[in-house]
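A closer look at the structure
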There are 2 protein chains.
Amino acid sequence: MVDQNSSSSRVSVSELARFIALALERAGLPAHDAGIVAGLMAEADLQGSDGHGVIRLPQYVKRIRAGGINTRPHIRVVSERAAMAVLDGDNGMGHLVVSRAVDLAIEKAGVCGVAWVSTRASNHAGPASLYVRKPLQHDMLGLYFAVGSANHLPPWGGSEMLLSTNPIAVGVPAGNEPAVVLDMATTVAAYGKVKAKAKRGEMMPEGWMIDRQGKPLLDPARAGEGFLLPIGGHKGYGLALVVGLLAGTLGGAAMGRDVVDFNHDHTTPTNTGQAILVIDLKAFRDPDDFKGAVDQLAREIHGSQRLPGVERIWLPGEQSAEKRVRYVKTGIPLAPGLVIELNELARDMGIGALPLMEAAHM
Amino acid sequence: MVDQNSSSSRVSVSELARFIALALERAGLPAHDAGIVAGLMAEADLQGSDGHGVIRLPQYVKRIRAGGINTRPHIRVVSERAAMAVLDGDNGMGHLVVSRAVDLAIEKAGVCGVAWVSTRASNHAGPASLYVRKPLQHDMLGLYFAVGSANHLPPWGGSEMLLSTNPIAVGVPAGNEPAVVLDMATTVAAYGKVKAKAKRGEMMPEGWMIDRQGKPLLDPARAGEGFLLPIGGHKGYGLALVVGLLAGTLGGAAMGRDVVDFNHDHTTPTNTGQAILVIDLKAFRDPDDFKGAVDQLAREIHGSQRLPGVERIWLPGEQSAEKRVRYVKTGIPLAPGLVIELNELARDMGIGALPLMEAAHM
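In the nomenclature of an unreviewed UniProt entry, chain A is known as LDH2 family malate/lactate/ureidoglycolate dehydrogenase of Paralcaligenes ureilyticus.

What follows is the structure, given as structure tokens:
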């Protein structure tokens, strides 16, 4: 397969994580916290979630420096029952808050069978799939809902952007096959993908965005003049709305007009909300039976009849799993524009440039 | 507004429920169970879910008479923890099994904050929204996932129907505004809507179904020659898959190739699976604050700027709520073809014809 980024610069995941951690530490995060956030951001790039990895570093640094992030948060449970908790993130980095939420949900699900943890006063936490992968290691399933960090979606029929791309992720353990990991924005494209297109200087396909007159908008540099389209029309709008109510309103986080556009406002606390639901497989049935059934389904899908011209049928999460394997070997591809931007940031912060891998013909 | 069914026959909800209950009782259900199922089926028609109400009666009766339904099921918990249970429906009517699951989830959520109940050995239970409305009465939120009762959806890029329309429903309580109730198939159209189109002799819009060559299929009478399309392409396929894993595989119910097509097979136990998640609002925050926030969001959405030509922006569940109010007053419209079919059924079973309302100009 020809990698669309084969002409890009490449960096190893460990060097990338080190670079991000150093930048975050210089910006003001304690070393331990910087390491956790950097590990998750590099992991995002490693699995191909290039709209949510190091591409966000300049923005995070800007927000931390502007005082928009609490670098010494007191993350704490503010309400709790056996199978739930609300976690106040004290305006800390979202990656730290959600990691804590996931750990707590895993612990509670181990006792009660299922557990739900909501966050409030959190922040942008990167790709949803990161957080549903952790329960898999405990023979648990994870469901994740988040309020996006900027409103790009109007209600169906409207032109006022009251909703975000509010993503859903679901992780389901398998046996020999890769885990099923769905991570989807409720819009046709996530805004991170629009940003990645802009960074690569590419046009968007029709159907991603429309302008305020309802006409297709193709140039990602003009993204500010239009809005994203929901999947399935009114259905995607409905999904975005209920995901926002579950991830935001339920836990007391921002939703609707209260959502702060973190692309343009670097100081106002975002009061971002996320929610994680963890389901302990062992409470339901024998985990091996379950994983065997998932494997069988995956094989049935892979082996099923294809439409003319289709080479392979994918399950959710398989392409990420393959990218992960490939990028561990070849390094993570970075767009030339992004490398320039990251090295400008490095100079500005007085840290070394991003150590790229030697060019190689692969 | 001109009702598209204004020329149809109409029936009051109480007469409809009585008619259905009598038919189900004659078919072999105990009177009490027949009453519960009939009430839910009539409620489906009352809220405009016309693909899942009385239209299904002939099929249910056929299945009961053929021995495909256990009319004396021993519905019981087969595994349980504080915040979860798996309920074996013993091949009883789905409406009975899911009603029990919802009651149990409400009880457990009242203690633990959230609770998940899975069903196995259940059957088709009508529209998902019925089951997320009950938690609303307890200041609780409901999420519902189900495996559809026939496979009409291939994996994305495939042409073999391994998946169903696997619906999702979410119910969120509001204060003065109607509750937000999302009920959506993960396909562009639910198969029940295809059947309703066929019954009304109407063509389907492009985008609902394609044939095995990938060409648009518009005639619902030819539905057997093609398959449904998922919302948002690969995203809807991913959603249908994970909903099936959550509603089916997790609880040990059928999924993938194991799903019995209950439109054509009236005797094989379907081993249908559903899952209900109930969230007790009171565990998270003050219910009045929450409901006030939902009201405010609803008002913001209603009052927001509209695209040219759009008269009103709807929230999920509002159209159902309005239909409910209207049909209580005017009666429930039934397509002429359906009335003929129901009266044939009545004759066949030796019960009275459906008592229609006097025609009136409305």
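Describing the sheet that holds strand 7 (residues 180-184) of chain A
Reading across from one edge, 2-3-4-11-5-6-7 (chain A) is the order of the seven strands in this open sheet, with mixed pairing throughout. Sheet topology places strand 2 (76-81) and strand 7 of chain A at the edges, where each strand pairs with a single neighbour. Here the average twist between neighbouring strands, direction ignored, is 10°. Of the strands in this sheet, strand 5 (140-146), strand 6 (168-172), strand 7 and strand 11 (274-280) of chain A touch helix 7 (residues 234-247) of chain B, which is tilted by about 130° from strand 7 of chain A.

Remarks on the relation of the copies chain A and chain B
Of the transformation superimposing chain A on chain B, the axial component is 0.0 Å and the angular component is 180°, with the fit at an RMSD of 0.0 Å. Seen this way, the second copy is the image of the first under a two-fold rotation axis. A shared binding surface is used by both copies, with 100% of the interface residues of chain A retained as interface residues in chain B.

A few points about the domain arrangement of chain A
Residue and element names in this part refer to chain A. Here chain A is partitioned into domain 1 (8-66 + 331-362) and domain 2 (72-187 + 230-323). Its C-alpha centre places domain 1 at a distance of 24 Å from the equivalent point of domain 2. Residue-level contacts link 22 residues of domain 1 with 23 residues of domain 2. Together domain 1 and domain 2 conceal approximately 2000 Å² of surface at their shared face, both sides included; 60% is due to carbon and sulfur atoms. Considering only the surface of domain 1 that becomes buried against domain 2, Leu40, Gln47 and Arg63 emerge as the three largest contributors, covering 36% of it. On inspection of domain 1 and its partner domain 2, the count reaches ten residue pairs in polar contact (both at pLDDT 80 or more). Broken down by secondary-structure element, the contributors of at least two residues to the side of domain 1 that touches domain 2 are helix 2 (31-46) and helix 3 (57-65). Ranked by the residues each element gives to the side of domain 1 that touches domain 2, the list is headed by helix 2, at eight residues.

Focus on the sheet that holds strand 10 (residues 226-228) of chain A
Taken in spatial order, the three strands of this open sheet run 9-8-10 (chain A), and their pairing is antiparallel. Pairing within the sheet leaves two strands with one partner each, and these edge strands are strand 9 (216-217) and strand 10 of chain A.

Overview of the pairing of strand 2 (residues 76-81) of chain B
Residue and element names in this part refer to chain B. In this sheet, strand 3 (residues 84-88) lies alongside strand 2 in antiparallel orientation, the contact comprising five bridges. Its bridge partner being in strand 3, arginine 76 is matched across the sheet by aspartate 88. If you look at the hairpin formed by strand 2 and strand 3, you'll find two residues sitting between the two strands.

Overview of the pattern of salt bridges
Residues and elements named next belong to chain B. As enumerated under the stated definition, the model contains 36 salt bridges over all chains in all. Here glutamate 160 ties to arginine 257 by a salt bridge, and the two come within 2.8 Å at their closest N and O atoms. Here glutamate 160 is found in the loop between strand 5 (140-146) and strand 6 (168-172), whereas its partner arginine 257 is found in the loop between helix 7 and strand 10 (274-280), with 97 residues between them in sequence. The class of glutamate 160 is partly exposed, set by a relative accessible area of 22%.

Here is what the cut-offs are and how they apply
Residues numbered from 1 in each chain as written. Chains lettered and ligands numbered in written order. Predicted model: local features only at pLDDT ≥ 70, side-chain atom pairs only at ≥ 80, totals over all residues. Heavy atoms only, no water. Pairing = 2+ DSSP bridges. Helix = DSSP H or I, 4+ residues; strand = E, 2+ residues; numbered from the N terminus. Axes fitted to C-alpha atoms, helices over the stretch in contact; angles between N-to-C directions. Contact = heavy atoms within 4.5 Å. Least-squares fit on C-alpha atoms with pLDDT ≥ 70 in both. Domains from an automatic or database assignment. Buried area = accessible area lost by both parts, 1.4 Å probe. Polar contact = N/O pair within 3.5 Å; in protein donor to acceptor, adjacent residues only side chain to side chain. Salt bridge = Lys/Arg side-chain N within 4 Å of Asp/Glu carboxyl O. Buried < 20%, exposed > 50% of the residue type's maximum accessible area, 1.4 Å probe, protein only.

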